[in-house]
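Observations on the three-dimensional arrangement
Here's the letter readout for the chains.
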Amino acid sequence: MERQTINKRKRVYSLQEKKNPKAVFARRYVSYLVPALRKININKPSSHTNSESFDQTVKHEVDMALALSAQEFAWSRFLQHKLLYSPHEDPSYSPKILETPSCKQESKEGADIKKKLEELQKLVPGGEEMNMEEILSEVGSYIVCLELQMIVLKSLVQNNIS
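**A word on the overall build of the chain**
Per the secondary structure count, the chain includes six helices and zero strands. Shown N-terminal to C-terminal, the secondary structure of the chain runs as helices and strands in the order α-α-α-α-α-α. Counting all 162 residues of the chain, 25% fall into the buried class. Contacts spanning at least 24 positions in sequence make up 54% of the contacts within the chain whose residues lie at least 6 apart. When the accessible surface of the chain is split by element, carbon and sulfur atoms take 54% of a total near 13,000 Å².

**Digging into the packing of aromatic side chains**
The geometry of an aromatic ring pair comes down to the distance between the two centres and the angle between the two planes. Taken as a whole, this structure holds three aromatic pairs when the rule is applied. Ring centres of F73 and W75 lie 6.0 Å apart, and the angle between their planes is 10°; this geometry places the pair in the stacked category. Using a relative accessible area of 0% as the deciding quantity, one classes W75 as buried. Aromatic pair W75 and Y142: ring centres 4.8 Å apart, planes at 65°, arrangement edge-to-face. Remark: Y142 occurs in helix α6 (residues 132-161) and W75 occurs in helix α3 (residues 74-85); sequence separation between them is 67 residues. Among the aromatic residues, those joined into a cluster by ring pairs are F73, W75 and Y142.

**As for the packing of helix α1 (residues 21-43) against α6**
Between α1 and α6, the least distance of the axes is 10 Å, while the angle of their chain directions is 55°. Relative to α6, α1 is oriented oblique. As α1 packs across α6, the resulting crossing turns out to be right-handed. Together, K22, F25, A26, Y29, V30, L33 and V34 of α1 and C145, L148, Q149, V152, L153 and L156 of α6 make up the contact between the two elements. Here the residues of the contact of α1 with α6 are counted per class, giving 11 nonpolar, one polar and one charged.

**Some points on the nonpolar core**
By size, the foremost hydrophobic cluster in this structure holds 22 residues, and its most contacted members are F25, Y29, L66, W75 and C145. Elements with a contribution of two residues or more to this core: α1, α2 (51-69), α3 and α6. Those residues in contact with W75, other than ones at most four positions away along the chain, are L66, A70, V124, P125, M130, E138, S141, Y142 and C145.

**With respect to the pattern of salt bridges**
Taken as a whole and judged by the stated rule, the model has two salt bridges. One salt bridge connects E72 with R28, and the closest N-O pair in it is separated by 3.2 Å. Placement of the pair is E72 in the loop between α2 and α3 and R28 in helix α1, with a sequence separation of 44 residues. We note a salt bridge from D63 to K59, for which the minimum N-O separation is 2.7 Å. Linking D63 with K59, this pair stays in helix α2, spanning four residues, or about one helical turn. For K59, a relative accessible area of 52% gives the class exposed.

What counts as what
- Residues numbered from 1 in each chain as written.
- Predicted model: local features only at pLDDT ≥ 70, side-chain atom pairs only at ≥ 80, totals over all residues.
- Heavy atoms only, no water.
- Helix = DSSP H or I, 4+ residues; strand = E, 2+ residues; numbered from the N terminus.
- Buried < 20%, exposed > 50% of the residue type's maximum accessible area, 1.4 Å probe, protein only.
- Contact = heavy atoms within 4.5 Å.
- Areas by Shrake-Rupley, 256 points an atom, 1.4 Å probe, with all protein chains shown as cover.
- Phe/Tyr/Trp six-rings, centres within 6.5 Å; stacked < 30°, edge-to-face > 60°.
- Axes fitted to C-alpha atoms, helices over the stretch in contact; angles between N-to-C directions.
- Parallel < 35°, antiparallel > 145°, perpendicular 65-115°, else oblique.
- Left-handed = near helix turned anticlockwise from the far one by under 90°.
- Nonpolar A, V, L, I, M, F, W, Y, C, P; charged D, E, K, R; others polar.
- Core = buried A, V, L, I, M, F, W, Y, C linked by side-chain atoms within 4.5 Å.
- Salt bridge = Lys/Arg side-chain N within 4 Å of Asp/Glu carboxyl O.

Here it is in structure tokens:
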């Protein structure tokens, strides 16, 4: 029997740090996050500090580092804007996916997909202002960056504990 080779497209990353997108993101993320965390730690008052306020400050800096590390994506710019200006959400605002013309007889499958896309809009920063195509193109990068963020944060915690 002859062996057949299946050509699969695999993502190949350069060994050079500057050309590996994951390494570039991780380097940027750490370069934004670590100084911000040091600053928080230096400015932290005594143990009488409000723990909830401290946690919110750390969360804000973690999210800001994520936004600053991936500025080439629309979700990142929305997240950065939200963190900088913290506008209150308008409950009367309807997302763009909801604005698309609907058929009178929508299949159950179509309704399920629409519902899931609406949920996805809520999860991706700025998703409420994106149409379906924009959401689908941005969600992949958002998930990858969240995974990389988790890896970097785990690494920082493990190095701090050791």
